[in-house]
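# Breakdown of the fold
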Amino acid sequence: SPATNTNRTLTLPDEAGTVLTTASSILDVGKVLQIVTASTTLSTICNTTSYVGTDLSVTITKQKADSKVLILTSAFVMAYSSSSGDSIGGGRIYETQSSREVFDFRRIVRSYDAGDVNVAAATHGLTCVDAVSGTGIRTYRFDIKEFNGSGDIRFNLDLDGECVSTITALEIAA
């Protein structure tokens, strides 16, 4: 708020320049342009060393060519092995329209050989940014894979039943 005195004079330096009189696009940098969220209770089991798509995906239509998309994922992933040996699971965010990997989180869960049944599970908070330019539809999907082939990786499937996983895409002005 202004000072309590009545002098409201603004003094500018004697240099060339521009005075902004309205909001500028520079003020939009970092502004959230839109938010889209999706969730799933469907499960996926993967026992291959190649990535497999899950049902966890979100679609956003980018409005500005130079904006970025922040992707927030909360995914329940379990490494499971019914025999001796470690099971190591990986996850990534994959953009389906352009068939490209946005970010590979690599090894996000690992069960260690402890005997007959080896299990490690957690809900993972995973975050990445897609900085590819252009506008249009983008669908981001969470994929899983098993790294060493000695067990399987279970998405959204706990030993007691299904879980809920979510993915959120935020378009951020650049």
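Now for a quick tour of the structure. These numbers come from a predicted model, not from an experiment.

### Focus: the packing of aromatic side chains
Centre-to-centre distance and the angle between the planes together describe a pair of aromatic rings. Tallied over the full model, the rule gives two aromatic pairs. A centroid spacing of 5.8 Å and a plane angle of 50° characterise the contact between Phe142 and Phe155, whose relative ring orientation is tilted. A residue pair is termed long-range when its members are at least 10 positions apart, and Phe142 in strand 8 (residues 136-146) and Phe155 in strand 9 (residues 152-155) qualify at 13 residues. The exposure class assigned to Phe155 is buried, which follows from its relative accessible area of 0%. Taking NZ or CZ as reference, Lys145 lies 4.6 Å from the ring centre of Phe147, over its face.

### Topic: the nonpolar core
Of all hydrophobic cores here, the largest spans 24 residues; its most connected members are Ile71, Val77, Ile93, Tyr140 and Phe142. Of all the secondary structure elements, the ones that give two or more residues to this core are strand 3 (52-62), strand 4 (68-81), strand 6 (100-111), strand 7 (118-130), strand 8, strand 9 and strand 12 (165-172). For this core, the element with the most residues is strand 4, which contributes five residues. Contact partners of Tyr140, with chain neighbours within four places excluded, come to Leu56, Ser57, Val58, Ile60, Val69, Ile71, Ile93, Tyr94, Glu95, Val102, Asp130 and Ile167.

### Some points on the side chain of Gln34
Assignment of secondary structure puts Gln34 in strand 1 (residues 32-40). In this structure Gln34 comes out as buried when scored by relative accessible area, which is 18%. In terms of polar contacts, Gln34 uses its side chain to reach the backbone carbonyl oxygen of Thr61, at 2.6 Å. One polar contact links Gln34 to Glu171, side chain to side chain, over a distance of 2.7 Å. Dropping the residues within four chain positions of it, Gln34 is found in contact with Ile60, Thr61, Lys62, Gln63, Ala169, Leu170 and Glu171.

### Topic: a nonpolar patch on the surface
Taken together, the side chains of Ile26, Leu27 and Val29 present a nonpolar region at the surface, about 320 Å² in accessible area. Its place among the elements puts Val29 in the segment before strand 1.

### Notes on the environment of Thr73
Looking at where Thr73 falls in the secondary structure, it is placed in strand 4. Residue Thr73 is classed as buried on the basis of its relative accessible area, which comes to 5%. Linking Thr73 and Thr168, residues 95 residues apart in sequence, is a C-alpha distance of 6.4 Å.

The rules we used
- Residues numbered from 1 in each chain as written.
- Predicted model: local features only at pLDDT ≥ 70, side-chain atom pairs only at ≥ 80, totals over all residues.
- Heavy atoms only, no water.
- Phe/Tyr/Trp six-rings, centres within 6.5 Å; stacked < 30°, edge-to-face > 60°.
- Helix = DSSP H or I, 4+ residues; strand = E, 2+ residues; numbered from the N terminus.
- Buried < 20%, exposed > 50% of the residue type's maximum accessible area, 1.4 Å probe, protein only.
- Lys NZ or Arg CZ within 6 Å of the ring centre and 35° of its normal.
- Core = buried A, V, L, I, M, F, W, Y, C linked by side-chain atoms within 4.5 Å.
- Contact = heavy atoms within 4.5 Å.
- Polar contact = N/O pair within 3.5 Å; in protein donor to acceptor, adjacent residues only side chain to side chain.
- Patch = residues over 30% accessible without salt bridge, like charges linked within 9 Å, V, L, I, M, F, W, Y side chains within 5 Å.
- Areas by Shrake-Rupley, 256 points an atom, 1.4 Å probe, with all protein chains shown as cover.
- Salt bridge = Lys/Arg side-chain N within 4 Å of Asp/Glu carboxyl O.

So yeah, pure geometry; function would need other evidence.
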